[in-house]
Amino acid sequence: MTGSATLNIQGELLRLTYSGTYTLDPDCRGTMTVTDNLGVTAHFDMYVTKNGSEFSIIETDDFSVASGFEVRGD
């Protein structure tokens, strides 16, 4: 997968691009690993709704706290 994100870290905006991989189990839970254009690799647990229209993530690395969600657009 590839994408972009905007982060706010103590008032400083960072606009990043990333690429990575994910695995998804039959129960709609999975893991995701992404590396951004600064070379930082992050790991996430994820959950996808059964119809695949939304997913949520939470970072599992010790060095950061991040979570988010995405809704599929047409």
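Everything that follows concerns the structure shown earlier in this document.
Everything numeric here is computed off the predicted structure, so don't read it as measured data.

### Examining the sheet that holds strand 1 (residues 2-9)
Strand pairing in a sheet relies on backbone hydrogen bonds. The paired strands run either parallel or antiparallel.
Line of reasoning, step 1. Strand order in the open sheet formed by 6 strands is 1-2-3-4-5-6, and the pairing between neighbours is antiparallel. The open sheet has two edge strands with one neighbour each: strand 1 and strand 6 (67-71). Each neighbouring strand pair of the sheet contributes to a mean axis angle of 35°, computed without reference to strand direction.
Line of reasoning, step 2. Pairing geometry for strand 2 (residues 12-24) and strand 3 (residues 29-36), over 7 bridges, is antiparallel. By the bridge assignment, threonine 23 is partnered in strand 3 with threonine 31.

### Overview of unusual backbone geometry
Line of reasoning, step 1. Positive phi values are uncommon outside glycine, yet glutamine 10 reaches one of about 50°.
Line of reasoning, step 2. Mapped onto the fold, glutamine 10 is located in the loop between strand 1 and strand 2.
Line of reasoning, step 3. Taking the relative accessible area as the measure of exposure, glutamine 10 reaches 84% and is therefore exposed.

### So, the side chain of glutamate 59
Line of reasoning, step 1. Locating glutamate 59 in the fold gives a position in strand 5 (residues 54-59).
Line of reasoning, step 2. Although buried, glutamate 59 forms no salt bridge, and the nearest oppositely charged side chain, arginine 29, lies 18 Å from it.
Line of reasoning, step 3. Within the local environment of glutamate 59, its side chain forms a polar contact with the side chain of serine 64, the two groups lying 3.1 Å apart.
Line of reasoning, step 4. Contact partners of glutamate 59, with chain neighbours within four places excluded, come to Ala42, His43, Phe44, Ser64, Val65 and Ala66.

### A word on the nonpolar core
Line of reasoning, step 1. Counting 7 residues, the largest nonpolar core consists of Met32, Val34, Ala42, Phe44, Met46, Val48 and Ile57.
Line of reasoning, step 2. Elements that contribute at least two residues to this core include exactly strand 3 and strand 4 (41-48).
Line of reasoning, step 3. No other element matches the 4 residues that strand 4 contributes to this core.
Line of reasoning, step 4. Leaving out residues up to four positions away in the same chain, alanine 42 has contacts with Met32, Thr33, Val34, Glu59 and Asp61.

Calculation criteria
- In this numbering scheme, every chain counts its residues from 1 along its sequence in written order.
- Whole-chain, interface and lining totals are the exception, using all residues; otherwise, since this is a predicted model, local features are given only for residues with pLDDT of at least 70 and side-chain atom pairs are given and counted only at 80 or more.
- The side-chain numbers reported here are obtained from all heavy atoms of the structure, hydrogens and water having been left aside.
- By the convention used here, strands pair only if DSSP detects at least 2 bridges between them.
- Numbered from the N terminus, helices here are DSSP runs of H or I no shorter than four residues, and strands are runs of E no shorter than two.
- Only the stretch in contact is used when a helix axis is fitted, and all axes are lines through C-alpha atoms; the angle between N-to-C directions ranges over 0 to 180 degrees.
- Three labels apply to residues, based on accessible area from a 1.4 Å probe with only protein chains included: buried if under 20% of the type maximum, exposed if over 50%, partly exposed otherwise in between.
- Charged residues are defined narrowly, with Lys and Arg counted positive, Asp and Glu counted negative, and His plus the chain ends left uncounted.
- The working definition used for a salt bridge is a side-chain nitrogen of Lys or Arg within 4 Å of a carboxyl oxygen of Asp or Glu.
- Polar contact is the term for a pair of N or O atoms within 3.5 Å; when the atoms are in protein, one must be able to donate a hydrogen and the other to accept it, and sequence-neighboring residues count only if both atoms are side-chain atoms.
- It only takes one pair of heavy atoms within 4.5 Å for two residues to be counted as in contact.
- Each nonpolar core is a collection of buried residues, namely Ala, Val, Leu, Ile, Met, Phe, Trp, Tyr and Cys, held together in the definition by side-chain atoms within 4.5 Å.

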